[in-house]
Amino acid sequence: MSSMYQMASTALGTLHLAEELRKLHVAIPAKNLPVQVKGDFYEQCIALEELVGGEGFRKTYKRSRLFNMLSGVVALPVLLAVIVLIILRYTISGFDPAAWVLDNLWIVALSAALIIDVLVMSYMQKATLQLLMNVEYPALLGRAEL
């Protein structure tokens, strides 16, 4: 059930950004702002911010992207370890990955720590995106008088 909620939430978020981008594309020429029209919401907002001044939107967006990248980098070792164990199970006769993991509990502790890090990074990325859309974007619209 939660995966369906995630998919629906992602789809609604994408539609919301598309609608906001459409509004920007209408408002920018109406206000005669010398900003090139961009096809990406975040790039459009950064270009608008460069015109009207400030750097809150750009900094918050970069922080969000950093958290997103870090969560992927932290998840990679766990994924690689699982792939290696699966390959070893089918290539080495008599190798039992579950028994090997239970014999090396430090692997379990390290994997758990990495998974917790991924969850924290995902939460931070979501919180940063909420800050971006609920604080920085309205402030940008106010500075641009849109």
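Each value, and the rule that gives it
Residues numbered from 1 in each chain as written. Predicted model: local features only at pLDDT ≥ 70, side-chain atom pairs only at ≥ 80, totals over all residues. Heavy atoms only, no water. Patch = residues over 30% accessible without salt bridge, like charges linked within 9 Å, V, L, I, M, F, W, Y side chains within 5 Å. Areas by Shrake-Rupley, 256 points an atom, 1.4 Å probe, with all protein chains shown as cover. Salt bridge = Lys/Arg side-chain N within 4 Å of Asp/Glu carboxyl O. Helix = DSSP H or I, 4+ residues; strand = E, 2+ residues; numbered from the N terminus. Buried < 20%, exposed > 50% of the residue type's maximum accessible area, 1.4 Å probe, protein only.

A word on a nonpolar patch on the surface
- Together, L76, L79, L80, I83 and I87 make up an exposed nonpolar region whose accessible area comes to about 440 Å².
- Tracing the backbone shows L79 in helix α3 (residues 56–91).

Looking at the pattern of salt bridges
- Tallying each qualifying case throughout the model produces five salt bridges.
- With a shortest N-O distance of 3.2 Å, R143 and E49 are connected by a salt bridge. With a gap of 94 residues between them, R143 in helix α5 (residues 105–144) and E49 in helix α2 (residues 41–52) connect regions that are remote in the sequence.
- On the basis of relative accessibility, which here comes to 34%, the residue R143 falls in the partly exposed class.
- E49 sits in the buried class, given a relative accessible area of 2%.
- Of the charged contacts in the structure, one is a salt bridge between E55 and R58, with a shortest N-O distance of 3.5 Å.
- Assessed through its relative accessible area of 38%, E55 is described here as partly exposed.
- Within the structure, one salt-bridge network assembled from shared partners comprises E55, R58 and K59.

Keep in mind these values describe shape, not function.
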